[in-house]
Amino acid sequence: MFKANIDIFNAHILIVDDQRTNVDLLEQMLEAEGYKHVSSTTNPFAVVDLHNTNEYDLILLDLKMPGMDGFQVMEELRKNNSDIYVPILVITAQPSQKLEAFEAGAKDFISKPFDLMEAKVRIYNMLEVRLLYKQLEQYSRSMESWAMHDALTGLPNRRLFVDRLTLAMAHAHRKKCTTTVIYLDLDGFKLINDSFGHDVGDMLLKIVADRLVAAVRKEDTVARFGGDEFVLVLWELDSPDGVSMLVSKVLMTLSEPYFINGRTIRISACAGVSIYPDHSEDMETLIKKADIALYESKRIGKNGFSIAVDSLS
Ligand SMILES: Nc1nc2c(ncn2[C@@H]2O[C@H](COP(=O)(O)OP(=O)(O)OP(=O)(O)O)[C@@H](O)[C@H]2O)c(=O)[nH]1
């Protein structure tokens, strides 16, 4: 469950005011409050670059400045920022400008001359909302990644695999080339767990994942469907010979010895292969055919592979 853990005083704050005395006053106040990252500029033209580099959590922006006023700065910030939320608190001596400032994107305001107590509270409140929002965003990104990856190996899981295969098939359709699906299952993996323990089994699965990733190209996908089942999506293999050579290479890599906790462990794998569009143009059928081919190769014996047949059987 999401649990907020924010340190408001670690926030990055920029003060923008052409009057050095105002800048100094705000800077001193914020530093006395305990804010650790406060910087300032008296040059409104520098704000966009500064924000792009430092991604401030809060910009205290004077509205009335020569050359470029606060409204123009806000407009430039909005134009140059992919983040729709620009954290601006305007500083104004003219109450009549407040509404206009809100319409231009300001989130709150501080009146001049400063009421320091009020300024402190407004800054704190705005930072609280900003940092909570940022943390929630990070959390939802990590949840998204978690939902798409296998926790043990970090490989894509079945959901992400389906996305990647969809993409590879669309590419193959456009380029009139192939996409290959390789369904892999280790031989006698249960015995590894039973003989050496689940932890050793886990370590072996992680090494298997690393070897598979190393054996294919960067654009290919190696996914784990759970247990000792791994499924690969390969882009643009040009001939059945190429496929056979690659699967043989993968199986050979997996049958190399594994050195885990001072032990040397050997294991092999079987594979089933299906090719888009030769065996099917439908994704589910393509995966099913690779799975059936895998069972066929398991039936024949260890450390081998079968290629799908044209019709589902
Ligand atoms: N260490 C470990 N074991 C797992 C994990 N997930 C599933 N397993 C085990 O993997 C084993 C898979 O067993 P089987 O599907 O019978 O595979 P196998 O022993 O390789 O049998 P064949 O495929 O017929 O050769 C089971 O013992 C599961 O408990 C995991 O994340 N870590």
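Position numbers for residues start from 1 in each chain and track the written sequence from start to end. Given that this is a predicted model, residues contribute local features only at a pLDDT of at least 70 and side-chain atom pairs are listed and counted only at 80 or more, while totals for whole chains, interfaces and linings are drawn from all residues. Hydrogens and waters are ignored; side-chain quantities use all the structure's heavy atoms.

As recorded by an unreviewed UniProt entry, the protein carries the name Response regulator receiver modulated diguanylate cyclase and is attributed to Methylotenera versatilis.

### As for the pattern of salt bridges
Going by this rule: Salt-bridge detection follows one rule: a side-chain nitrogen of Lys or Arg within 4 Å of a carboxyl oxygen of Asp or Glu. Only protein chains enter the calculation, and the probe is 1.4 Å; a residue is then buried if its accessible area is under 20% of its type maximum, exposed if over 50%, and partly exposed in between.
Counted by the stated rule, this structure contains 16 salt bridges. A salt bridge links Arg-20 to Glu-27; its shortest N-O distance comes to 3.9 Å. In this structure Arg-20 comes out as partly exposed when scored by relative accessible area, which is 42%. The partner of Lys-134 in a salt bridge is Asp-57, and the shortest N-O contact between them spans 2.6 Å.

### What about the site of the ligand?
What counts, and what does not: Summary of the distance rule: residues count as near a molecule or strand when at least one heavy atom falls within 4 Å of that molecule or strand. Polar contact is defined as a pair of N or O atoms within 3.5 Å, subject to the rule that within protein one atom must be able to donate a hydrogen and the other to accept it, and that residues adjacent in sequence are counted only when both atoms are side-chain atoms. Computed by Shrake-Rupley with a 1.4 Å probe, the accessible areas treat only the displayed protein chains as cover when residues are assessed. Counting from the N terminus, the helices are the DSSP runs of H or I reaching at least four residues and the strands are the DSSP runs of E reaching at least two.
Near the ligand, the surroundings consist of 15 residues, among which Asp-185, Gly-188, Phe-189, Lys-190 and Asp-202 are the closest. Separating an oxygen atom of the ligand from a side-chain N or O atom of Lys-298 is a distance of 2.9 Å. Here the ligand loses 62% of its free accessible area of 660 Å² to cover by the protein chains. Those elements that provide at least two residues to the shell around the ligand are strand S6 (179-186), helix H7 (189-196) and helix H8 (198-215). By residue number, the principal contributor to the shell around the ligand is H8, which donates four residues.

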